[in-house]
Amino acid sequence: MRLLPLLLAFGLLLPAPLVHAQAVSASSRTNPPITHLTVAQDGSGDYKTIQEAVNAVPNQSLVPITIEVKKGIYREKLVVPSPKTHIVLVGEDKNTTVITYDDHSGVNGIDTFSSHSVLVQANDFAAENITFENTAGYTAGQAVALHVEGDRCSFRNCRIVGNQDVLLLATDNSRQYYRDCYIEGTTDFIFGASTAVFDHCTVHSKKNSFVTAASTTPQQKFGFVFLNCKLTADTTLAQKVYLGRPWRPYAKVVYINTEMGSHITPAGWENWRNPANEKTAYYAEYKSFGPGGNVKSRVAWSHQLTKKEAKQYTLKNIFGGQVPWNPVETIK
């Protein structure tokens with residue numbers, strides 16, 4: 001009976017609750033939660049490839065996990081699967097931190113939807129200071145650089161570059177926000193069904209063709225919204241560019257306070273060789289300016305917003321719904 005107090009006195013036997021508490025404390029010290037990972041091709045980081053870092057992120061994280069990517073050309077067909085939520089991918093420099101691949105439709109069983117260099121399926125993904133690139137070539141056909149399916153996805157100070165079908169905003173239940181980004185391509189290079197805002201972005205056309213090809217569904221109040229953007233072009237190859245054409249009948253695209261170069265055709269919009277689309281698609285502008293911003297010759301079935309109508313295009317309204325989202329808070 002006297003042995004127990006003696007063992008306790010010399011610390012040879014600890015009460016059960018204390019043993020458990022110390023074990024938990026030791027576990028926390030040896031396995032701290034992952035909040036930051038580094039990718040560097042020279043081996044100085046946690047991983048050499050971005051995919052390895054994404055795979056290492058715990059599934060269904062409820063807090064942001066930053067993956068810092070050092071300068072380099074990362075030739076990866078990167079996938080961020082749906083369980084890898086709340087990843088923040090931060091490049092060292094948008095011009096020299098590049099994720100690139102060269103798949104395109106028509107080869108090795110690849111189609112438009114699988115031609116991506118980067119596929120984001122997870123919700124609450126954010127990226128900063130990264131170039132997303134597809135180098136399939138000017139005549140390769142559909143070749144997606146960035147394919148986004150997740151909801152509440154944000155991109156700031158990124159470059160999204162390629163040729164045809166560069167940025168696929170894939171699903172109608174996806175909300176996406178692009179701020180201070182540069183997007184370039186040839187034909188339909190911003191396309192898909194998502195609700196998306198392009199805020200202070202530069203959109204660069206590389207041939208006579210179409211900037212957008214939205215496939216907005218009838219149930220969506222908003223499709224693609226361009227706020228305070230700038231439309232530029234390689235004017236030796238792009239002298240007649242349309243603001244958009246409807247990939248699906250109910251396409252919605254709106255440009256607000258956007259500077260448009262001379263490459264934007266006076267008609268502005270095209271019906272994809274189907275007059276029936278003119279009754280369902282919603283194409284609108286408010287205070288377009290620049291050489292291509294003269295709206296007097298726009299097609300009759302497009303719209304010029306009133307000041308009152310333009311006021312509804314706020315982030316709060318566009319990204320509202322049952323679960324409202326403030327993307328400015330996400331990427332600040």
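**Focus: the pattern of salt bridges**
Then comes step 1: Overall, the coordinates contain 12 salt bridges when judged by the stated rule.
Then comes step 2: Across the pair D188 and R245 runs a salt bridge, and its minimum N-O distance is 2.8 Å. Within this pair, whereas D188 is found in the loop between β15 (182–185) and β16 (190–192), its partner R245 is found in the loop between β22 (242–244) and β23 (252–256), the two being separated by 57 residues in sequence. Pair check on accessibility: D188 and R245 agree, each one buried.
Then comes step 3: Connected through shared salt-bridge partners, D124, D151, R152 and R175 make up one network.

**Topic: the side chain of K84**
Then comes step 1: In this fold, K84 is placed in the loop between β4 (78–80) and β5 (87–91).
Then comes step 2: One buried charged residue, K84, remains without a salt bridge, the closest side chain of opposite sign being E52 at 13 Å.
Then comes step 3: Ignoring sequence-local partners within four residues, the contact set of K84 consists of V54, N55, V57, P58, N59 and A122.

**Notes on the packing of aromatic side chains**
Then comes step 1: Tallied over the full model, the rule gives 16 aromatic pairs.
Then comes step 2: On the basis of an interplanar angle of 50 degrees and a centroid distance of 5.9 Å, the ring pair of F125 and F155 is categorised as tilted. In this pair, F125 sits in the loop between β7 (118–120) and β8 (126–128) while F155 sits in strand β11 (residues 153–156), placing the two residues 30 residues apart along the sequence.
Then comes step 3: A residue is classified by how much of its surface remains accessible, and F125, at 1% relative accessible area, is buried.
Then comes step 4: Seen in terms of ring centroids, F226 and Y255 are 4.5 Å apart; in terms of plane orientation they differ by 10 degrees. Their pairing is stacked. Separated by 29 residues along the polypeptide, F226 in strand β20 (residues 224–227) and Y255 in strand β23 bring together distant segments of the chain. Grouping residues by exposure puts F226 and Y255 together as buried.
Then comes step 5: Put simply, the rings of F125, F132, F155, Y178, F198, F224, F226, Y255, W269, Y283 and W301 touch in pairs and so form one group of aromatic residues.

**Observations regarding the environment of D102**
Then comes step 1: By the element assignment, D102 lies in the loop between β6 (97–101) and β7.
Then comes step 2: Judged by relative accessible area, D102 falls into the partly exposed class, the value being 30%.
Then comes step 3: In this structure, D102 is in contact with R75, N134, T135 and A136, ignoring residues within four places of it in sequence.
Then comes step 4: Engagement of the side chain of D102 in a polar contact is seen with the side chain of R75, the distance being 3.3 Å.

**As for the pairing of strand β3 (residues 72–75)**
Consecutive residues of a regular strand have side chains that alternate between opposite faces of the sheet.
Then comes step 1: Only one face of β3 is buried, namely the one carrying G72 and Y74, since none of I73 and R75 on the opposite face is buried.
Then comes step 2: Of the strand pairs in this sheet, β3 and β6 are connected by four bridges, and their pairing is parallel. When the sheet's bridge partners are listed, R75 is paired in β6 with T100.

**Quick look at the sheet that holds strand β13 (residues 167–169)**
Then comes step 1: In spatial order, the strands read β4-β7-β10-β13-β16-β19-β22; together these seven strands make up an open sheet with parallel pairing. Edge positions in the sheet fall to β4 and β22, since each of these pairs with one other strand and no more. Mean inter-strand twist for the sheet, computed between neighbouring axes without regard to direction, equals 15 degrees.
Then comes step 2: By the bridge criterion, three bridges tie β7 to strand β10 (residues 146–148) in an arrangement that is parallel. Paired with V120 across the two strands is V148, which belongs to β10.

What counts, and where the lines are drawn
Residues numbered from 1 in each chain as written. Predicted model: local features only at pLDDT ≥ 70, side-chain atom pairs only at ≥ 80, totals over all residues. Heavy atoms only, no water. Salt bridge = Lys/Arg side-chain N within 4 Å of Asp/Glu carboxyl O. Helix = DSSP H or I, 4+ residues; strand = E, 2+ residues; numbered from the N terminus. Buried < 20%, exposed > 50% of the residue type's maximum accessible area, 1.4 Å probe, protein only. Lys, Arg positive; Asp, Glu negative; His and termini not counted. Contact = heavy atoms within 4.5 Å. Phe/Tyr/Trp six-rings, centres within 6.5 Å; stacked < 30°, edge-to-face > 60°. Polar contact = N/O pair within 3.5 Å; in protein donor to acceptor, adjacent residues only side chain to side chain. Pairing = 2+ DSSP bridges. Axes fitted to C-alpha atoms, helices over the stretch in contact; angles between N-to-C directions.

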